[in-house]
Amino acid sequence: MELHADDPWLARGYGQGAIEPGKRPALLVVDLQYAFTDAGFPMGGAPLVERAVENTARVAAAARDAGVPVFQTVVAWREDGSDIGLWPLKLPRLREVTLESRWARVDERVWDDSDVLLVKKWPSFFHGTPLHSLLTAAGCDTVVVAGCMTSGCVRATTVDAFSNGYRTLVPEDCVGDQGRDGHDSNLRDVHRRYAEVTTADEVIEYLERVREEVPA
């Protein structure tokens, strides 16, 4: 991502360098579940999310071919709502995203049985899940963050990835949101501070290099 020369954060010292990816990446796919990808649910079907599904499917296939682990997450809660916390105050339709519902299932276009699925309750993929421990056990030094929503769970996951010391890539066309303004503004902001905002094609090229560098 290129920041404009007149960007006020750039002028004050933000976004001065690049975070180069490491040699042991993982792909984190955030909330590409039917609640957000299927227009049959009130929160689903946004064009930017549909684009994210299509491009994440490409990146996920490249990751699996390269032997790179793919971690998927969905948000889902119990039928009685005892674990949903404050979510319904702002987003009451989330009460319908129960653990056994269709809305809690990963969209089949991005899923493979080799993927690891971790259910979360809160915005960040890291919060309340064993993701950090699994990445540590796998020796990962880099994460690629895909999914939705850019301004919510993708951003929260990106910030936590940075906070946990992972080199973080966010391919712009593999993440999506309900509208363009929140999508673009949040990507600019994480690019200034925490991550490299890139593209699906660039990530696929990186994953191909990783595959070539793995000893036979």
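Please refer to the structure placed before this passage.
Residues numbered from 1 in each chain as written. Predicted model: local features only at pLDDT ≥ 70, side-chain atom pairs only at ≥ 80, totals over all residues. Heavy atoms only, no water.

Within the structure shown, the criterion is met by one cavity of 30 Å³ or more. The wall of the largest cavity is formed by P25, A26, L27, V59, A63, V68, V144, V203 and L207. For the lining of the largest cavity, the element with the highest residue contribution is strand 1 (residues 25-30), accounting for three residues. Its residues assigned to classes, the lining of the largest cavity shows nine nonpolar, no polar and no charged. (1 Å grid on protein atoms, 1.4 Å probe; cavity = no way out; pocket = protein on both sides within 12 Å on 5 of 7 lines; lining within 4 Å. Points joined across faces, edges and corners; volume = space filled by probe spheres on them. Helix = DSSP H or I, 4+ residues; strand = E, 2+ residues; numbered from the N terminus. Nonpolar A, V, L, I, M, F, W, Y, C, P; charged D, E, K, R; others polar.)

What follows is about the side chain of H191. In this fold, H191 is placed in helix 7 (residues 180-193). In this view, H191 contacts M1, L3, E196 and V197; residues no more than four positions away in its chain are not counted. (Contact = heavy atoms within 4.5 Å.)

With that settled, consider the layout of surface pockets. Of the pockets and cavities examined, the largest pocket occupies roughly 250 Å³. Taken together, 14 residues make up the lining of the largest pocket; nearest its centre are P21, L169, T198, E202 and R209. If you list the elements that add at least two residues to the lining of the largest pocket, you get strand 7 (196-198) and helix 8 (200-213). Looking at the lining of the largest pocket element by element, the count peaks at five residues for helix 8. Residue composition of the lining of the largest pocket, by class: eight nonpolar, one polar and five charged. Its volume calculated, the second largest pocket comes out at about 210 Å³.

This part takes up the pattern of salt bridges. A side chain with one charge may pair with a side chain of the opposite charge, provided their charged atoms come close. Counted by the stated rule, this structure contains 16 salt bridges. Of the charged contacts, one joins D31 and K120 as a salt bridge, the two residues approaching to 3.0 Å between their closest N and O atoms. One end of the pair, D31, is in the loop between strand 1 and helix 2 (34-37); the other, K120, is in strand 3 (residues 116-120), with 89 residues separating them in the sequence. Each member of the pair, D31 as well as K120, is classed as buried. (Salt bridge = Lys/Arg side-chain N within 4 Å of Asp/Glu carboxyl O. Buried < 20%, exposed > 50% of the residue type's maximum accessible area, 1.4 Å probe, protein only.)

Here we come to helix 6 (residues 150-163). Of all the positions in helix 6, only T150, C153, V154, T157, T158 and A161 are classed as buried. Against the buried residues of helix 6 lie strand 1, strand 3, strand 4 (142-148), strand 5 (167-171), strand 6 (175-176) and helix 7. Looking at the residues trailing helix 6, positive phi occurs at G165, about 90 degrees.

With that out of the way, let us pick up a negative patch on the surface. A cluster of like negative charges, contributed by E202, E205, E208, E212 and E213, occupies part of the molecular surface. The residue E205 is located in helix 8 in this model. (Patch = residues over 30% accessible without salt bridge, like charges linked within 9 Å, V, L, I, M, F, W, Y side chains within 5 Å. Areas by Shrake-Rupley, 256 points an atom, 1.4 Å probe, with all protein chains shown as cover. Lys, Arg positive; Asp, Glu negative; His and termini not counted. Charge placed at Lys NZ, Arg CZ, Asp CG, Glu CD.)

Here we take up the nonpolar core. L27, F36, V59, L94, V97 and L207 are the most contacted members of the largest nonpolar core, which has 42 residues in total. Elements with a minimum of two residues in this core: strand 1, helix 2, helix 3 (47-65), strand 2 (70-75), strand 4 and helix 8. Each residue touching F36, except ones within four places of it in the same chain, is listed here: D31, M43, G44, G45, V49, V75, L94, C148 and M149. (Core = buried A, V, L, I, M, F, W, Y, C linked by side-chain atoms within 4.5 Å.)

Between helix 3 and helix 8, whose axes approach to 9 Å, the crossing angle comes to 5 degrees. Taken as axis vectors, helix 3 and helix 8 run roughly parallel relative to one another. Mapping the contact onto sequence places N55, R58, V59, A62, A63 and D65 in helix 3 and A200, D201, V203, I204, L207 and R211 in helix 8. In terms of residue class, the contact of helix 3 with helix 8 is built from seven nonpolar, one polar and four charged. (Axes fitted to C-alpha atoms, helices over the stretch in contact; angles between N-to-C directions. Parallel < 35°, antiparallel > 145°, perpendicular 65-115°, else oblique.)

Glancing now at the pairing of strand 1. Counting buried residues in strand 1 gives six out of six residues, a clear majority hidden from the surface. Across the two faces of strand 1 the burial is the same, with P25, L27 and V29 and A26, L28 and V30 all buried. In this sheet, strand 4 lies alongside strand 1 in parallel orientation, the contact comprising six bridges. Considered in strand 4, the bridge of L27 is made with V144. Where strand 1 meets strand 2, four bridges bridge the pair, whose relative direction is parallel. Paired with V30 across the two strands is T73, which belongs to strand 2. (Pairing = 2+ DSSP bridges.)

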